Structure formats: C-alpha cells, structure tokens
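# Per-entry structural report
Chain by chain, the residues:
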Amino acid sequence: MYYRAADPETLRIVPLDALTLIYHRASGITHIVDAPVPEILDILHEGPRDVAGLLAILAERFDLEDPDPAALAVRLDELVGAGLVERTCTI
C-alpha cells in the first residue's frame, strides 16, 4: 500500500507559529496540525511512498532514532480519513 498527498490544488497550507493550518477545499474543513503532519505532506507531495519508504525519509531528514512504523501507519490512516492523504496500490 502506498500513500500520496491530496492534490496540492485542493489544499491551502499556512504555517502559524508551531502549528500549521491546512484548508481542505474539497471538504471545506480547516485542519490545525502539528509536526510531523506538514513534513509528511511535504514528502508525499514529492511522490507516493509506502510506510517503510516514508519512515526512512523522515528518519533521515529529522534524525529520528528508533522510528515506529505502526505509529506512522496510524497517523497516515488519520490523514486519509481527513482527506489530506490518499491510499493507492501503485506508484
């Protein structure tokens, strides 16, 4: 299973101090998120990734020690539910 960010045309992303506001045009909902959500979306805008690939990039860019793939999978499922990320079977 691969994940990709929602079409950038459907999102308005505005950093606000430590938080980030994401307006999802398709649903009309504004999400208030914290790290690592903006970072996940940035990586997924580069191209679809599976959990292992996304975790490897996050670990490398942010010097994570002992990253948890199960926690990332849960976060991705939350983002799918919010419409900010989509599941795909192919790259």
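In what follows, the structure referred to is the one given above.
Rules behind the numbers
- Residues numbered from 1 in each chain as written.
- Predicted model: local features only at pLDDT ≥ 70, side-chain atom pairs only at ≥ 80, totals over all residues.
- Heavy atoms only, no water.
- Pairing = 2+ DSSP bridges.
- Helix = DSSP H or I, 4+ residues; strand = E, 2+ residues; numbered from the N terminus.
- Patch = residues over 30% accessible without salt bridge, like charges linked within 9 Å, V, L, I, M, F, W, Y side chains within 5 Å.
- Areas by Shrake-Rupley, 256 points an atom, 1.4 Å probe, with all protein chains shown as cover.
- Salt bridge = Lys/Arg side-chain N within 4 Å of Asp/Glu carboxyl O.
- Lys, Arg positive; Asp, Glu negative; His and termini not counted.
- Charge placed at Lys NZ, Arg CZ, Asp CG, Glu CD.

In terms of strand pairing, strand E3 (residues 19-24) meets strand E4 (residues 29-33) through five bridges, oriented antiparallel. Along E4, the bridge assignment pairs His 24 with Ile 29. Counting the residues between successive antiparallel strands, the hairpin from E3 to E4 contains four residues, one of them, Gly 28, with a positive phi of roughly 80°.

It is worth spelling out a negative patch on the surface at this point. A grouping of Asp 63, Glu 65, Asp 66 and Asp 68 is seen on the molecular surface, where their side chains present a negatively charged patch. Relative to the elements of secondary structure, Asp 68 occurs in the loop between helix H2 (51-62) and helix H3 (69-82).

Of the pairings in the sheet, the one linking strand E2 (residues 11-16) to E3 comprises six bridges and is antiparallel in character. Of the residues in E3, the one forming a bridge with Arg 12 is Tyr 23. A loop of two residues connects E2 with E3, the two strands running antiparallel in sequence, and Asp 17 in this loop sits at a positive phi of about 55°.

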